[in-house]
Structure formats: C-alpha cells, structure tokens
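Coordinate inspection notes
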Amino acid sequence: MLRRYMTGAVAARTGDEMSGPALLVTGLAVTGSPVLASWLLSGLTVSAAVGGPLLGVLIDRSRRPGRLLAYCLAGYAAGLLLVLVGFGRVPDAALIALAVATGLLGPALTGGWTAQLPLVAGPERLGRATALDSMSYNAAGLAGPALVGVVAAVGGNAAVLPMCAVFLLAASPAAWTLPVRGQDAEGMTRNPVRDVAPDDRGGGHEEFRDGEGAVRGLVREVREGFTVIVRNGALRRATVGSMVSCAGLPMLVVAAPVLGIRLAGESGYGTLLLAVASACGLAVNAVLAAHQRRVRRWDVVQAGGTAVLGVGMALAAVADAFWIAVVAAAVVGAGEGPQLTALFAVRHREAPARLRGQVFTTGASLKITSFALGSALAGPLAAYSTGAALAAGAALQVAAVAALLPRRVSSPHGDRPNEKEAPQRRP
C-alpha cells in the first residue's frame, strides 16, 4: 500500500510542479503576453489560501478521503486543460478566474495526500514513510520543471499542459484505492466509523443535514482547524516558521536565472542550480529515511534545516564564480530536504486525528500563499540586485529559525507532543 501511495504521490506532485511553469510557457507562447502568463500563475497559487482549509474539512469528514483526492486531481487536470482551450477564445479575465478556481484544489495535491499517510503506513512505519513522502516533493521538484522543458522542446508549447494532466490523472487510481478511514493499510477494520467523522464529544455532525446548518458546521470546523494550529505551540511554531522560510525561497528561484547569466553566460544554468538543490534535498532525505528512528527532536531538525538553507542562500548572495553558486545550491537542498521531512513529522505527531486533514491542507495553503507573496517581492529585488534578493532570502531564513526554536517555558497542553501520534520518537 505504501508503494502505491508513493507512486501516486510522485505522479500528482510532478503534475503540480509542472503546472506553474507550464502555464508560464504556454501563456507566453500562445498570447505573447508575459503579464497574462504571470497573472495566471498568481491566480493558480494565491487561491490555495482559501482552498486549503475548506478541502481539509471535507477530507476530515469523508470516510473515503482517497476518492475525494481523486476527484480533486481530476478537477485540477480539467481546469488546466480548460485554460489551454480558452487561450485566444475567451477574455483574459475569464482565464484568470478559471486559474483561481483550479488553484482552490491545489492543496489536495500536497497536504491532502500527506494527511492520509497514517492510514497507509500505520504507526510502526510512520517515521520512515514521512521521510519517503518528503522525498516525493524533492523528486517532483527535480522532474517537473525539467519535463516542461523537454516536452516543450519535443512536442511544442501546446503539449505541456496536457502532459501535466496526464500525470495528475495517472495518480487518480492510487488516490481512489487509499484505505477507508477506520481501516488499516491491509483493509482490516479497526473501529467502526460513520460516513462523517465524529466530533470530540462523540456526536456526529447532524447539523449538516440542512443547508444553513452545513454552512455553520463548515465554518466551525475551519475555525477548529486554525485553532488547533494556533493553540498547539509545536504546530504554531512549525507553521509560522515554514511560512517565513517559504517566503524566502522565491528569492533563489527568481535570482537563479540571473545568476546563470552573470556567472556562466546563460540563463539555462540557473535552472541547473535549482536542479542541484532538488537533487541534494532528495539525497539527504534518503539518508534521513534510513536513520529516522534515531531522531528524537523533529522541531530541532526543522530549525537546523532552515538554518542550513539560510547559509546556502547567503553563500549564493556572495558567489563570484559559478562553481560557488553550485555549492550554494547544494547547501540549500541539504537544508530544505530535512526541513520538509521534519515539518511533516511534527504535524503527524501533534495534529488530532480528526483534524489531520485540515492541519495539513491549511499548512500547505499557507505555505503556497507565502511563496506567492515572496515571489512578488523577489522580482523587484532581483531586478535591482541578485545579491540583495538572496540576502533578503537568507534573512528570512534567520527569522524562520527564530520562530522555530522551542521555548523553554511551554504550555502544559499546547507544546507537549502526543505520544500516540509520535511513534517515530521511540527507539
């Protein structure tokens, strides 16, 4: 079951990683307008802030969350194809609105998948499975943009978005067959469950039977998801730290092509820097997956990974030769890989089981939105100076480390890990 999950996760996240560059490439080629292309990308990412919490509620309330994920994958693929069909046929505003609507489903491809990991792996294998799941992001980040370039070169720009849809739809069978809530990875029933998850008081969500009650219940559950993140000290630190760090990552993404031109004479070398970062993240996470049982403090791992990421960006800011930029990119990847694995481990450990989907999709939507906001700042900074942009990215990593460091005085409830949710902490 874990192998099937990983196959679907890699396919879904590769399609997700392809979607942004594909919109940029296709939009620019078809319309000749970089403005429209950038607005389509912004619409696809910013709407995740709304989609994440709502998707989390639906996933947590679903007895068969995998089928809901499969529908989201199909909807995301359909939205990308409709954008392609609409180029030159419908007003630009309608295309942007369609990209925004499609982006609402984006968190299902990231946090929505990861939230199902305990159903697939079980408590004994959750630590290793978390590291492997994190590797799927690194693999997708490495393969997605490269595939966009290859498909555009071989099949033309119009073939890129259909290829994204192929990867997304290829992940649907794996999503459809994810375990039913209340069953283990082998399909054996652990506890009888209702079609709707019960609340803390043991009652079902009967208020969802009428429309007005459904709205009230939806708002309540969204509020509960945010509340558990805010009140739980470990979740709060992990979420805020990841948001601040993610806002700094676009500084490297935007500056990389400029570094390629300045240090090697070709913007394509900038893409190589991003590939090096993804490859190193994948390699470090492979090592972490093999030794995850030795890790006792995932919050410290997240802070350490963020610090290493900041060192890499600071090194890139002062690089005066391309080989130094390559080393800097490798350092960035060595920090980013464990940082993501640790973030997932903290969420699995701290999130209440009935709100796990909300915690993961809300966290994913907040990170996507932070990345979008960081991208808006990265462009002007990189236009002024790549060094200034990368230095700003490094400074944001320092701020993220400060947000991640555990406080010595902690709440008796909010900061204490739930041992039942932390099997990976036992030797």
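All chains use their own residue numbering, which begins from 1 and follows the written sequence. Given that the model is predicted, a residue must reach a pLDDT of at least 70 before its local features are reported, and side-chain atom pairs must reach 80 or more before they are shown or counted; all residues, however, enter totals for whole chains, interfaces and linings. Excluded from the side-chain calculations are hydrogens and water; all other atoms, namely the structure's heavy atoms, are used.

**Observations concerning the overall build of the protein chain**
The condition is simple: Under the scheme used here, helices are H or I runs from DSSP no shorter than 4 residues and strands are E runs no shorter than 2 residues, and both carry numbers assigned from the N terminus. Burial classification: accessible surface area is computed with a 1.4 Å probe over protein chains only, and a residue below 20% of its type maximum counts as buried, one above 50% as exposed, and the rest as partly exposed. In what follows, residue pairs with any heavy atoms lying within 4.5 Å of each other are defined as contacts.
The helix and strand inventory of the protein chain stands at 16 helices and 0 strands. For the protein chain, with 427 residues in total, the buried portion stands at 51%. The contacts of the protein chain with a sequence gap of at least 6 include a subset with a gap of at least 24, amounting to 81%.

**Concerning the confidence of the model for the protein chain**
Selection rule: One confidence number per residue, pLDDT, is output by the predictor and ranges from 0 to 100.
The pLDDT averaged across the protein chain works out to 79; a share of 84% of its residues lies at or above 70. Within the model, the stretch residues 184-209 combines pLDDT values under 50 with 51 contacts to residues more than four positions away or in other chains. Low pLDDT, under 50, characterises residues 409-427; the predicted model gives this stretch 42 contacts beyond four residues in sequence or across chains.

**Here's the deal with the packing of aromatic side chains**
For any pair of aromatic rings, the description rests on two quantities: the centre-to-centre distance and the angle between the ring planes. The condition is simple: Stacked, edge-to-face and tilted labels apply to pairs of Phe, Tyr and Trp rings (six-membered ring for Trp) whose centres lie within 6.5 Å, assigned for plane angles under 30 degrees, over 60, and everything in between, in that order.
Applying the stated rule across the entire model yields 4 aromatic pairs. With centroids separated by 5.6 Å and ring planes inclined at 85°, the aromatic side chains of Y71 and W176 adopt a geometry described as edge-to-face. Here Y71, found in helix α4 (residues 65-86), pairs with W176, found in helix α9 (residues 172-176); they are 105 residues apart in sequence, far enough to count as distant. The class for Y71 is exposed, based on a relative accessible area of 54%. Looking at W176, the relative accessible area reads 35%, which means it is partly exposed. Where F344 meets F360, the ring centres are 6.1 Å apart and the plane angle is 50°; that geometry is what we call tilted. One end of the pair, F344, is in helix α14 (residues 322-350); the other, F360, is in helix α15 (residues 356-384), with 16 residues separating them in the sequence. The residues F344 and F360 share a single accessibility class, namely buried. By the ring-pair criterion, three or more aromatic residues cluster together here, those being Y137, F344 and F360.

**Side note on the nonpolar core**
Buried together is how nonpolar side chains tend to be arranged in soluble globular proteins. Defined as follows: Note on terminology: a nonpolar core comprises buried Ala, Val, Leu, Ile, Met, Phe, Trp, Tyr and Cys residues joined through side-chain atoms within 4.5 Å.
In this structure, L2, Y5, L40, L73 and W113 are the most contacted members of the largest nonpolar core, which totals 50 residues. With 11 residues, the top contributor of residues to this core is helix α7 (residues 117-155). Beyond its immediate sequence surroundings of up to four residues, L73 is in contact with A12, L109, W113, L168, A171, S172 and A175. Counting residues in hydrophobic clusters, the runner-up holds 22 residues, among them L273, V276, A325 and A328.

**Some remarks on the packing of helix α3 (residues 48-61) against α4**
Formally: Between the N-to-C directions of two axes lies an angle of 0 to 180 degrees, each axis being a line fitted to C-alpha atoms and, for a helix, fitted only over the stretch in contact. Each helix crossing is assigned a hand: it is left-handed if the near helix lies turned anticlockwise from the far helix by less than a right angle, otherwise right-handed if that turn is clockwise.
Between α3 and α4, whose axes approach to 8 Å, the crossing angle comes to 145°. The handedness of the crossing between α3 and α4 is right-handed. Here L55, L58 and I59 of α3 lie close against α4, whose contacting residues are P65, L68, L69 and C72.

**Side note on the pattern of salt bridges**
Note that side chains of opposite charge can pair when their charged atoms are close. Heads up, the rule is: For this analysis, a salt bridge means a side-chain nitrogen from Lys or Arg found within 4 Å of a carboxyl oxygen belonging to Asp or Glu.
Tallying each qualifying case throughout the model produces 3 salt bridges. Put simply, R13 and D133 hold a salt bridge, and the shortest N to O gap is 2.8 Å. Placement of R13 in helix α1 (residues 2-31) and of D133 in helix α7 is noted, with a sequence separation of 120 residues between them. By relative accessible area, which is 2% here, R13 ends up buried.

**Quick notes on α15**
Here is the rule we go by: Helix span is expected to be 1.5 Å times the residue number reduced by one. What is called the bend at a residue is the angle between a pair of axes, fitted to the seven residues leading up to and ending at it and to the seven starting from it.
For α15, built from 29 residues, the straight-helix expectation of 42 Å at 1.5 Å per residue is met to within 8% by its first-to-last C-alpha distance of 42 Å. At A378, α15 is deflected by roughly 30°, the largest bend along its length, and proline P380 occurs up to four residues later in sequence.

**Points about a nonpolar patch on the surface**
How we decide: Only residues whose relative accessible area exceeds 30% and that form no salt bridge are eligible for patches; like-charged ones are grouped when within 9 Å, while nonpolar side chains (Val, Leu, Ile, Met, Phe, Trp, Tyr) are grouped when within 5 Å. Throughout, the Shrake-Rupley method with a 1.4 Å probe supplies accessible areas, and for residues the shown protein chains are the sole cover considered.
A surface patch of nonpolar side chains, amounting to about 220 Å² of accessible area, comprises V50, L54 and L104. For V50, the location among the structural elements is in helix α3.

**Observations regarding the environment of G304**
Note on placement: G304 falls in helix α13 (residues 298-317). You can call G304 partly exposed: its relative accessible area is 32%. Measuring from C-alpha to C-alpha, the distance between G304 and E336 comes to 9.8 Å, with 32 residues separating the pair along the chain.

**Section: the environment of A372**
Considering the arrangement of structural elements, one finds A372 in helix α15. C-alpha of A372 to C-alpha of C246: the two residues are 126 residues apart in sequence and 9.2 Å apart in space. Among all residues touching A372, those that are not within four sequence positions of it are T45 and V46.

**Some remarks on the environment of G79**
On the secondary structure map, G79 appears in helix α4. Along the sequence, G79 and L105 sit 26 residues apart, while their C-alpha atoms lie 9.7 Å from each other. Ignoring anything within four residues of it in the chain, the contact list for G79 reads L98 and T102.

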